[in-house]
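These are the residues of each chain, in order.
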Amino acid sequence: MNFHPEVDTAVALAYDAAGSWAASDGACRAALLDGLAEALGSDRAALVALADSETHLGAARLNGELGRTIFQLRGFAEVVLEGVPYRTVIDEAVAGLPPAGHPAMALARVPLGPVAMFSASNFPFAFSVLGGDTSSALAAGCPVIVKGHPAHPRLSAAVAELARQVLVTQGLPEGLIGHVNQDSYESGIALVTHPVIQAVSFTGSLGGGKALAAAIQSRAQPIPFYGELGSVNPIVVMPKALEGKVNECAKVLAVSMTQGAGQFCTSPGLVVLLDSEPAKQLVDELGRQVDQIALHPMLSDRIQHGFEAGVSALSSSAEVQVKTARGAKEGATKGFVGVTTAFAFLNNEGLRHEVFGSSCLCIMASSVKEIAQVLRAIGGSLTVTLWGVDSESEENRLILRAAQNLAGRVLFKGVPTGVAVTRAQHHGGPWPSSTQPLFTSVGYAAIDRFLRPVVLQDAPDWVLDRKGIPV
Ligand code: NAP
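**Student:** Just checking my understanding: could you explain the site of the ligand for this structure?
**Tutor:** Ser121, Lys147, Ser205, Cys265 and Arg302 are the nearest of the 24 residues found near the ligand. Contacts to the ligand include Arg302, whose side-chain N or O atom sits 2.8 Å from an oxygen atom. Out of a free accessible area of 870 Å², the ligand has 92% covered by protein chains. Elements with a contribution of two residues or more to the shell around the ligand: helix H7 (185-193), strand S6 (199-203), helix H8 (206-217) and helix H12 (301-315). Take the shell around the ligand: its biggest share by element is 3 residues, from H8. Split by residue class, the shell around the ligand holds 11 nonpolar, 9 polar and 4 charged. Of the domains in this structure, domain 1 (5-229 + 434-464) and domain 2 (235-411) are the two that each give at least three residues to the shell around the ligand.

Structural data, given as structure tokens:
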């Protein structure tokens, strides 16, 4: 085991807090979640200013993100008040021999225990200290230890201090929300390999996710790793969608792919088209529109270098025609649009990598069958967007089938950026978009990641009378 004083202290406090929090009722958990929401709202102006100084994301976006974070905390408070984490499936005893006869069975769920949560660089509020991972884990009955992200360390510390004050005010153990702000891989590894930690949530790079997954697998007891590691989010544009709307479509795409300098896990990185004159016009217009949009600085040097390297690789490929005025040289402050053929995309694995930032590769396919092949070649993605498949046909069924097999969310309108926090939301998908495609990291079903089923067989009344609240 790696010895790390800051991690060890936070984990010990979480361990001490875990038992009473697991046994807490809905009113207690909701009061904490609401209290955290209230505290964030009260400090809104100062928090947004601090976040802006560290991330350059701008006050408008950060205010919106903080509002979403507060909404999410309050939403999970409602979920626990409704009793979601305590729901129990009851099978009354049936007399007689098996398989028809059986004992009384109550299927309940128990919190996993202390969760390690890695803040995301690109969501300083909504996927950081008090973001979706923390709120869903607390709602499930698990303490959380947050690894702050080095792209916003002061904000991270400020929000952690706010959370600590709420815990103290409510008479709850401080170990319920721990915080490690060290900018070192060692602290992250020490955290995920600590025997007390029972689950890990992470949003970041493929390399970082793989390193953490390997460390988790090396534990004596491997634990669930909920990682979100990268997604290319293709948008399939069928001819119907382009009829009289080429410029409109280009504008919508340009705005979506440049939003937040493209630093969204759902930023559209691929546009797949049937080769045609309107499709060519769309690609040209997209390049022109993106050229006119100035991007704000990226979140960190690490992300900027990754973006520049990705754009450089695409723009220097003989198979890619660059559609923006400057491709590689001004990569960090300019968006990138290129176009290639489906044949090249299918035969060159290098064209399929996510370029995190405002980069979009358009793919010209010669048939619907080839569009489906392109989708199949991608692997996993958080989203696939389908424009112009509004009527039922053999071709549209083929495209939808390929899209469903590839992604956790299929959109028939609009753009994938902007992920609603709802009960029906699914933010995940096959590898590498998620390491656990059966679960979502956005929306209220995210709570399921931190609850383990346990069946109570022939349980006495005092156990059943707890109505699913663990002891
Ligand atoms: P990152 O480099 O993966 O870092 C995320 C967290 O993981 C940080 O806390 C980092 O530790 C830790 N980490 C990374 N590599 C590690 C390793 N080998 N061992 C232990 N811990 C490790 O992600 P980022 O800084 O946010 O951005 C870099 C790239 O990640 C982007 O260019 C993009 O490609 C991708 N990204 C993807 C998403 C997504 O939605 N999937 C979101 C953001 C970024 P430290 O704190 O010590 O640095």
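**Student:** Would you explain the sheet that holds strand S1 (residues 89-91) in this entry?
**Tutor:** Pairing between the strands of a sheet is mediated by backbone hydrogen bonds and can be parallel or antiparallel. Taking strand neighbours across the sheet as the criterion, the 3 strands line up as S1-S2-S15 in an open arrangement whose pairing is antiparallel. Strands at the two margins of the open sheet, each flanked by one partner only, are S1 and strand S15 (451-457). This sheet shows a mean twist of 30 degrees between the axes of neighbouring strands, independent of strand direction.

**Student:** Mind showing me how you'd approach the nonpolar core here?
**Tutor:** Most often, soluble globular proteins keep nonpolar side chains buried together rather than apart. Of all hydrophobic cores here, the largest spans 97 residues; its most connected members are Leu32, Leu36, Leu40 and Leu130. Per-element accounting of this core gives the leading share, 8 residues, to helix H4 (residues 59-81). Here this core spans two domains, since at least three of its residues come from each of domain 1 (5-229 + 434-464) and domain 2 (235-411). Sequence-distant contacts of Leu130, defined by excluding residues within four places in its chain, comprise Leu36, Leu40, Thr69, Leu73, Phe125, Val159, Ala163 and Ile177. With 23 residues, the next largest nonpolar core counts Val237, Leu253, Val337 and Cys360 among its residues.

**Student:** Where do I start with helix H15 (residues 394-406) in this structure?
**Tutor:** Counting along an α-helix, one turn takes 3.6 residues, and residues three or four places apart therefore face a common direction. The terminal C-alpha atoms of H15 lie 19 Å apart, and with 13 residues this matches the ideal 18 Å at 1.5 Å per residue to within 8%. Where H15 is concerned, the buried positions are Asn396, Ile399, Ala402, Ala403 and Leu406. Taken down its axis, H15 places every buried residue within 130 degrees of arc, on the same side. Along H15, the residues that are exposed and aim more than 90 degrees away from the buried face are Glu394 and Asn405. Buried residues in H15 make contact with strand S8 (234-237), helix H14 (368-378), strand S13 (381-387) and strand S14 (407-411).

**Student:** I keep staring at a nonpolar patch on the surface and nothing clicks. Help me out?
**Tutor:** Together, Val89, Leu107 and Val455 make up a nonpolar patch on the protein surface, roughly 240 Å² of accessible area in all. Within the element layout of this structure, Val89 appears in strand S1.

**Student:** Whenever I open this one, the packing of helix H2 (residues 26-42) against H4 confuses me. Can you help?
**Tutor:** Describing two packed helices takes the angle between their axes plus the distance from one axis to the other. Relative orientation of the contacting elements H2 and H4 amounts to 170 degrees, with a least axis distance of 8 Å. With respect to H4, the element H2 is oriented roughly antiparallel. In this structure, H2 meets H4 at a crossing whose hand is left-handed. Every residue of H4 that contacts H2 at Gly26, Ala27, Arg29, Ala30, Leu33, Asp34, Leu36, Ala37, Glu38, Leu40 and Gly41 is listed here: Leu66, Thr69, Ile70, Leu73, Arg74, Phe76, Ala77, Val80 and Leu81. A per-class count over the contact of H2 with H4 returns 13 nonpolar, 3 polar and 4 charged.

**Student:** How do you make sense of unusual backbone geometry when you look at a structure like this?
**Tutor:** Leave glycine aside and you will find that most residues have negative phi; peptide bonds, for their part, are mostly trans. Here Pro98 and Pro99 are connected by a cis peptide whose omega angle stands at 10 degrees. When you line up the elements, Pro99 lands in the loop between S1 and strand S2 (105-111). Here Asp458, not a glycine, exhibits a phi torsion of approximately 50 degrees, which is positive. Even without glycine at this site, Lys467 takes up a positive phi of about 50 degrees. With respect to the helices and strands, Lys467 occurs in the segment after helix H16 (461-464). Take Lys467: its relative accessible area is 63%, and that puts it in the exposed class.

**Student:** Would you mind showing me how to read the packing of aromatic side chains here?
**Tutor:** A complete count under the given rule lists 7 aromatic pairs for this structure. Ring centres of Phe202 and Phe225 lie 6.0 Å apart, and the angle between their planes is 40 degrees; on these two criteria the pair is classed as tilted. Residue Phe202 is found in strand S6, and its partner Phe225 is found in strand S7 (residues 225-228); the two are separated by 23 residues along the sequence. Summarising the burial analysis for this pair, Phe202 and Phe225 share the class buried. Judged by centre distance (5.6 Å) and plane angle (75 degrees), the ring pair of Tyr226 and Phe439 falls under edge-to-face. Of the two residues, Tyr226 is situated in strand S7 and Phe439 in the loop between S14 and S15; the sequence distance between them amounts to 213 residues. An aromatic cluster is present here, built from Phe118, Phe202 and Phe225 joined pairwise through their rings. The ring of Phe345 carries the charged tip of Arg352 above its face, separated from the ring centre by 5.9 Å. Sitting over the face of the ring of Tyr226, Arg449 holds its NZ or CZ atom 5.7 Å from the ring centroid.

Parameters at a glance
- Residues numbered from 1 in each chain as written.
- Predicted model: local features only at pLDDT ≥ 70, side-chain atom pairs only at ≥ 80, totals over all residues.
- Heavy atoms only, no water.
- Near = heavy atom within 4 Å.
- Polar contact = N/O pair within 3.5 Å; in protein donor to acceptor, adjacent residues only side chain to side chain.
- Areas by Shrake-Rupley, 256 points an atom, 1.4 Å probe, with all protein chains shown as cover.
- Helix = DSSP H or I, 4+ residues; strand = E, 2+ residues; numbered from the N terminus.
- Nonpolar A, V, L, I, M, F, W, Y, C, P; charged D, E, K, R; others polar.
- Domains from an automatic or database assignment.
- Pairing = 2+ DSSP bridges.
- Axes fitted to C-alpha atoms, helices over the stretch in contact; angles between N-to-C directions.
- Core = buried A, V, L, I, M, F, W, Y, C linked by side-chain atoms within 4.5 Å.
- Buried < 20%, exposed > 50% of the residue type's maximum accessible area, 1.4 Å probe, protein only.
- Contact = heavy atoms within 4.5 Å.
- Expected span 1.5 Å × (residues − 1).
- Arc of directions from axis to C-beta.
- Patch = residues over 30% accessible without salt bridge, like charges linked within 9 Å, V, L, I, M, F, W, Y side chains within 5 Å.
- Salt bridge = Lys/Arg side-chain N within 4 Å of Asp/Glu carboxyl O.
- Parallel < 35°, antiparallel > 145°, perpendicular 65-115°, else oblique.
- Left-handed = near helix turned anticlockwise from the far one by under 90°.
- Phe/Tyr/Trp six-rings, centres within 6.5 Å; stacked < 30°, edge-to-face > 60°.
- Lys NZ or Arg CZ within 6 Å of the ring centre and 35° of its normal.

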